[in-house]
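# Overview (structure and organization)
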Amino acid sequence: MLTNPLTKNIRGPQNIAIDIGSYRESGGYRGWRKTLDTAPDDIVKLVQESGLRGRGGAGFNTGLKWSFVPRGEGSPPVKYLVCNADEMEPGTFKDRLLMERDPHLLIEGMAIAAYAIEARTAYIFIRGEYHLAAARLERAIAEAREAGLLGANIQGGNYGLEIHLHRSAGNYICGEETALLSALEGRRAIPRAKPPFPQVSGLWGKPTVVNNVETFCNIPHMIDLGVDWYKDLGRGEDAGSKLFGVSGKVKNPGTWELPMGTPIREIIEAHAGGMQDGLQLKGFLPGGGSTDFLGPENLDLPMDYDVIGKAGSRMGTGTIIVLDDKTCPVGLALNLTQFFARESCGWCTPCRDGLPWVVEILQRIENGDGVPEDLDLLREQTARMGPGNTFCALAPGAAEPIQSALKLFEQDFIDHIKKGCCPYT
Amino acid sequence: MSSIFEPEVIEVMEHSNAGEDSAEAGLSEAEREEIDREFSHYEDKASVGLEALRIVQRHRGWVSDESLHAVSAYLDIPVAQLESVATYFQLIFRQPVGREVILLCTSASCWIMGCAKLQKHIEQKLDINPGETTEDGIFTLLETPCLGDCDKAPVMMIGEEMHRNLTETSVDEILDNKASFQHAEGSNHAEGSRNAD
């Protein structure tokens, strides 16, 4: 049985994309053809039943998200589907791989999703720096159109779908789905108030679903091989497989498709080869820069959304950043906060003003100019950036690595203040 | 950026016919064609704003006040609205940049792998700070958010090309090659013909 649906066409180190001929020969677009013979509602139910959870970081049930779109007779005639390909979470390098190496998998997944929510126009919102991925997607879209798999009257039926590529031009906040919609409409990428949720009022006020690249890539094989096969891919609570990555000072950093529920230790030690010689693992961010640090005591946890959640962090994008014992945790927290401060859209106060303030405090501590009261000030400031106080999830996400660093690496903060310098340099 | 109320800018607005082959709109035929192709993809003209700025930047290297006004007139988007977009997105350059824009990743994984030291090295070698352009007009250095190549950190992008697993030695080699290429290309290339996508 197929165990690596996301990467089965990605073979060898050579960076080439599979063309439509080879893609179809290996079973590609079979899920799409099956979909065209199925009622949209049944596709939504099937995806919901499969247990697929959003791979962009939030982990919401994908089929359930789709089900909120008003469908059928009397529903708004125009609906949109959007692929979030604005991969910019620090430490995240999985969507690039999927788009560069197997662009048709994404297009097929999007086609199935668009059909399910009755959208006839779809956009891929891709970050401006992903030139190679954009070129390959553009080519793949043209190939699929030529083969009658996209465009008007697909496979002779009534359904038609156009997929357009929208190249963005930077800014992390575009990854927030409502900010992304603002950007797609040609405005500043400012998040919107929810409700209304995009599924009801999204792009140009029309019902819209936004999903992550990897989420879409899960769908073609699920439709082709069935929900039971898909569920069985997971080793633990969650269904399916996932791209997991490791970066930092490990022997063999990289990305691997593994079952959901794969233990973190296995990912870091068996796949990433463990720590570089002479280094110990001090902690890690399990799913990108906006997730809480976990410590070595959490290494045996399986990578399942709720398990990582219960441990006090988030699985996020599933790309692990490893912190070693020779790298300064205060410096890393400062680097992350500088990123979030720069990427804040500036709309609401806790984020716009809070983050630069926190940068200033962390910089002071890192420089050796911190005072003991700074730690409480950091705790207070990051609490003020927490959920419920801000317009979107950027500032709460930014607070997570700082708050957890203060718990896990408190002694390092204290050492900086006591010694009046960074002990790591 | 200068305020639109400054006299010199108003003058620019009145004389926006900069390109030789440009019509009233101040955009070249090639630019207009590329922008027109985008119209069918969106519900309204405003949505093409960012794409139009990208197109103009690809042809001209950056987005001057003059270019901004030309796009605004062509798309019928208020200048202020287009400017709000232009200044929001970091890959739209509202100041002239060098012929080679270095996007140095400074995010977490690259930081762990030593990008801060690398950045100092580049700054010293080129004698510029982030946001600045070398005197010969060849290099601009920009710090950039995570480039999504974290298993090959530290990384940077120049033009459309990724450079991975960087060391001071490899950075020197890459920059020296770019510099000699640009010196060779140098003067025989007119301003507008660079940065073909």
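Rules and cut-offs
Residues numbered from 1 in each chain as written. Chains lettered and ligands numbered in written order. Predicted model: local features only at pLDDT ≥ 70, side-chain atom pairs only at ≥ 80, totals over all residues. Pairing = 2+ DSSP bridges. Helix = DSSP H or I, 4+ residues; strand = E, 2+ residues; numbered from the N terminus. Axes fitted to C-alpha atoms, helices over the stretch in contact; angles between N-to-C directions. Contact = placed C-beta atoms within 7 Å. Domains from an automatic or database assignment. Nonpolar A, V, L, I, M, F, W, Y, C, P; charged D, E, K, R; others polar. Parallel < 35°, antiparallel > 145°, perpendicular 65-115°, else oblique. Buried ≥ 20, exposed ≤ 12 C-beta atoms within 10 Å, placed from the backbone.

## Describing the sheet that holds strand β4 (residues 208-212) of chain A
Residues and elements named next belong to chain A. Taken in spatial order, the four strands line up as β3-β2-β1-β4 in an open sheet, and their pairing is parallel. For this open sheet the edge positions go to β3 (162-167) and β4, each flanked by a neighbour on one side alone. Ignoring which end each strand starts from, the neighbouring axes of this sheet average 20° apart. Contacts between helix α7 (residues 131-146) and the sheet are confined to β2 (121-126) and β3, with β3 contributing the most and set at about 165° to the helix.

## Quick word on the domain arrangement of chain A
All names here are of chain A. The assigned domain composition of chain A is domain 1 (20-233), domain 2 (241-324) and domain 3 (329-419). On a C-alpha basis, the centroid separation for the pair domain 1 and domain 3 is 35 Å. If you look at the interface, domain 1 gives nine residues, while domain 3 gives nine residues. Across the side of domain 1 that touches domain 3, the residue classes tally to seven nonpolar, one polar and one charged.

## Focus on the sheet that holds strand β8 (residues 319-324) of chain A
Strand pairing within a sheet occurs via backbone hydrogen bonds; the two strands may be parallel or antiparallel. Residue and element names in this part refer to chain A. The four strands are arranged β6-β5-β8-β7 in an open sheet whose pairing can be described as mixed. Of all strands in the sheet, those with a lone pairing partner are β6 (254-259) and β7 (281-285), marking the two edges. Mean inter-strand twist for the sheet, computed between neighbouring axes without regard to direction, equals 30°. One ladder, built from four bridges, connects β7 with β8; its direction is antiparallel. The residue bridging F284 from the neighbouring strand is V322, located in β8.

## Quick word on the interface of chain A and chain B
The partner chain B presents 31 residues to the 39 residues of chain A that form the contact. Among the elements of the structure, β3, β5 (241-248), β6 and α14 (329-343) of chain A are those that each provide at least two residues to the side of chain A that touches chain B. With five residues, α14(A) is the largest single contributor of residues to the side of chain A that touches chain B. When the residues that make up the side of chain A that touches chain B are grouped by side-chain class, the tally is 13 nonpolar, 16 polar and ten charged.

## Digging into the packing of helix α3 (residues 40-50) of chain A against helix α6 (residues 103-116) of chain A
All names here are of chain A. Between α3 and α6, the least distance of the axes is 8 Å, while the angle of their chain directions is 120°. Accordingly, the angle class assigned to the pair α3 and α6 is oblique. Here α3 contributes P40, I43 and V44 to the contact with α6, which in turn contributes I112, Y115 and A116. Looking at side-chain class alone, the contact of α3 with α6 contains six nonpolar, no polar and no charged residues.

## Some thoughts on unusual backbone geometry
All names here are of chain A. Looking along the chain, the bond that leaves K194 and enters P195 is cis, with omega of -5°. Turning to its location among the elements, P195 is positioned in the loop between α8 (177-184) and β4. The residue N171 is not glycine, and still its phi comes out positive at about 85°. The class of N171 is buried, set by 25 C-beta atoms lying within 10 Å. The phi dihedral of W204 falls on the positive side, at around 45°, and the residue is not glycine. With respect to the secondary-structure elements, W204 resides in the loop between α8 and β4.

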